[in-house]
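Fold and contact review
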Amino acid sequence: MKITIQPTLERKQDITFLGIFEEDNSNYKSYDNSLAAELDNAIKKKLFSKKFGELYSTQVDGKRTIIVGLGKKEEFSVEKMRKALGKAVRCTRSLKLESLETNIAELGHDLHQFSYEMVGRAAAEGLFLANYAFTKYFSGERLEKEKNLTWTVLQWSGSPEKFNAGLSDGMIIADATNMVKDLVNEPASVVTPSYLEQAAKKLVSLKGVSVRIMEKDEMKKEGLQAILGVSKGSDLPPKLVFIEYKGAKQGKLIALIGKGITFDSGGYNLKPTHYIEDMKSDMAGAATVMATIKAAAELGIKKNLLAVMPLCENLVSGSAQKPGDIVKAYNGKTIEITNTDAEGRLILADALSYTEATYQPDIMIDLATLTGACVVALGYHAAGLISKDEELVKELTNAGLDSYDRVWRLPLFDEYQDSMDGTISDLQNTSRKGKGYDAGAITAGVFLSKFVDKAKWAHIDIAGPAYWVEDGDYLQKGGTGFGVRLLVYYLLQQ
Ligand code: BES
Ligand code: ZN
Ligand code: ZN
């Protein structure tokens, strides 16, 4: 999709979207007299009320026009900008039209001290995220019906530099997010550990990016038995992929570690029907940290980053790991496998401890579709955040509010600390309390914390927001790319 800006609306595109705040009483009189009369009438008859998200469809000079309610000025936000533009894109696509023009970005710009960059970024995010559809497996008529938006014209009469800079940043961020959606939506028989390895290798064409792959043999030599144990039931070899981005000569190293189970059957603790179908999405964390490097490199963020992707399948076979098995992780701690479905924490245990020992990052942030318990607690609109570092909590929480990839902190009280202690081993991979499910998102975090030594660390459980079961205003059902915006906004804030 191409975006262009121009100081006035010219009604040259397939459809026009005009935003309107509740306080605006002129009802577009200066734009078109008969439109104002029609709107006055529609409002009187309660056919339209200007509440946020309400749409009123009409024609102006024979041109298809939709009035978009923007609600009260004081309640407007950059998220509402994303949503309003997302609605415009969805509406245009559903009418099988290919171009739109709108004044919504401009209307939002002089409210609440939003900077022109912020408005531009949010506008591009709303437009490009909403224009995504996973259509590659449709054929015939179904495929022909899918029309992408090819052109958007935004009215912008102010100085264009900062707005344009925001737009191009937003485009990069949305592109990276859409890449995660593709990787998550693609079936697990396509997106295998080596598929993700190849995707990572493609990033070396970006300035400052290099990739290292740890293969199975090296894992054996280094003692990464936890990931090896999980992958035992699979015919495909596990991979540990490191993507380095050098954006600064010196300074902190931030490691981003993403869970990369390309399919989670549960193993011998097999997942039942209704719980297993979407488990191709269990690599969302890995895809997210990879896409964050892509965005950071394209944005030229002046930071040193390391994305780490432990990749394997969790399957059942004659050679699969069994409940009761005991493995020794990279840091020497032994773990009894009390449940083969609690596999994410196992591969992260090795990834976290190996990364810290080898690269000495100052900060480690892991993203993982880790627990169903986190979905029970927070649903689909916030990720669980676990960290003892108050500063990191504050920064991630703020990045979440700005990007709307929101995180909500869960406690790591002392009383939880022994919940993962083993009976015949150092640790076990599920808590004995409540069959392993009580405070499940927290006890998973406690387990991970045993594999972090000195680094500042935050764990983000994205099991809910990474994969949606219904469409939103600018995100679709299926993969959402949750976490890319969170991490990029966090990095830009630093
Ligand atoms: N990948 C799942 C968690 C998950 C659940 C992600 C729902 C997305 C949606 C994870 O590996 C898992 O199965 N966790 C178990 C842990 C339990 C055995 C302690 C769970 O949540 O049931
Ligand atoms: Zn599992
Ligand atoms: Zn899993």
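Residues numbered from 1 in each chain as written. Chains lettered and ligands numbered in written order. Predicted model: local features only at pLDDT ≥ 70, side-chain atom pairs only at ≥ 80, totals over all residues. Heavy atoms only, no water.

With respect to the sheet that holds strand 12 (residues 326–328)
To keep things clear, this is the line we draw: By definition, two strands form a pair when at least two bridges between them are found by DSSP. Runs of H or I in DSSP of at least four residues are treated as helices and runs of E of at least two as strands, each being numbered from the N terminus.
Spatial ordering of the open sheet is given by 12-13-17, a layout of 3 strands whose pairing is mixed. Sheet topology places strand 12 and strand 17 (427–428) at the edges, where each strand pairs with a single neighbour. In this structure, strand 12 lies alongside strand 13 (residues 334–336), joined through 3 bridges in antiparallel fashion. Across the sheet, the residue bridging to valine 327 is isoleucine 335, located in strand 13.

Concerning the site of ligand 1
The line we're drawing: Distances are taken per atom, and a residue is near a molecule or strand as soon as one of its heavy atoms is within 4 Å of it. Whenever a nitrogen or oxygen atom comes within 3.5 Å of another N or O atom, the pair is scored as a polar contact, on the condition that within protein one atom can donate a hydrogen and the other can accept it, and that pairs from neighbouring residues in sequence are kept only if both atoms are in side chains. By the convention adopted, Pro, Cys, Tyr, Trp, Phe, Met, Ile, Leu, Val and Ala count as nonpolar, Lys, Arg, Asp and Glu as charged, and the other residues, Gly among them, as polar.
In the vicinity of ligand 1, 17 residues are found, and the nearest of them are Asp264, Lys271, Asp341, Glu343 and Gly372. One nitrogen or oxygen atom from the side chain of lysine 259 is found 3.2 Å from an oxygen atom belonging to ligand 1. One nitrogen or oxygen atom from the side chain of lysine 271 is found 2.8 Å from an oxygen atom belonging to ligand 1. Among the residues forming the shell around ligand 1, the class breakdown is 4 nonpolar, 6 polar and 7 charged.

Examining the sheet that holds strand 1 (residues 2–6)
Here is the rule: The convention used is that axes are lines fitted to C-alpha atoms, helices contributing only their stretch in contact, and that angles between N-to-C directions extend from 0 to 180 degrees.
Judged by pairing direction, the sheet is mixed, and its 6 strands sit side by side in the order 1-6-5-2-4-3 without closing on themselves. Looking at strand neighbours, the two that pair on one side only are strand 1 and strand 3 (55–60), the edges of this open sheet. Across this sheet, the average inter-strand angle for adjacent strands is 25°, counted without regard to direction. In the sheet, strand 1 pairs with strand 6 (residues 151–155) via 5 bridges, with the strands oriented parallel. Residue pairing for strand 6: glutamine 6 is matched across the bridge by glutamine 155.

Section: the packing of helix 4 (residues 116–130) against helix 6 (residues 160–185)
Selection criterion: Working rule for handedness: look at the near helix, and if it is turned counterclockwise from the far one by less than a right angle, call the crossing left-handed; if clockwise, right-handed. Whether two residues touch is decided by their heavy atoms; if any such pair falls within 4.5 Å, the residues are in contact.
Axis separation between helix 4 and helix 6 bottoms out at 6 Å; the angle between their running directions is 35°. At the point where helix 4 passes helix 6, the crossing takes the right-handed sense. Where helix 4 abuts helix 6, its residues Tyr116, Glu117, Val119, Gly120, Arg121, Ala123, Ala124, Glu125, Phe128 and Leu129 lie against Lys162, Phe163, Gly166, Leu167, Asp169, Gly170, Met171, Ile173, Ala174, Thr177, Asn178 and Lys181. For the contact of helix 4 with helix 6, a count of residues per class yields 11 nonpolar, 5 polar and 6 charged.

By themselves, these observations are geometric and do not establish any function.
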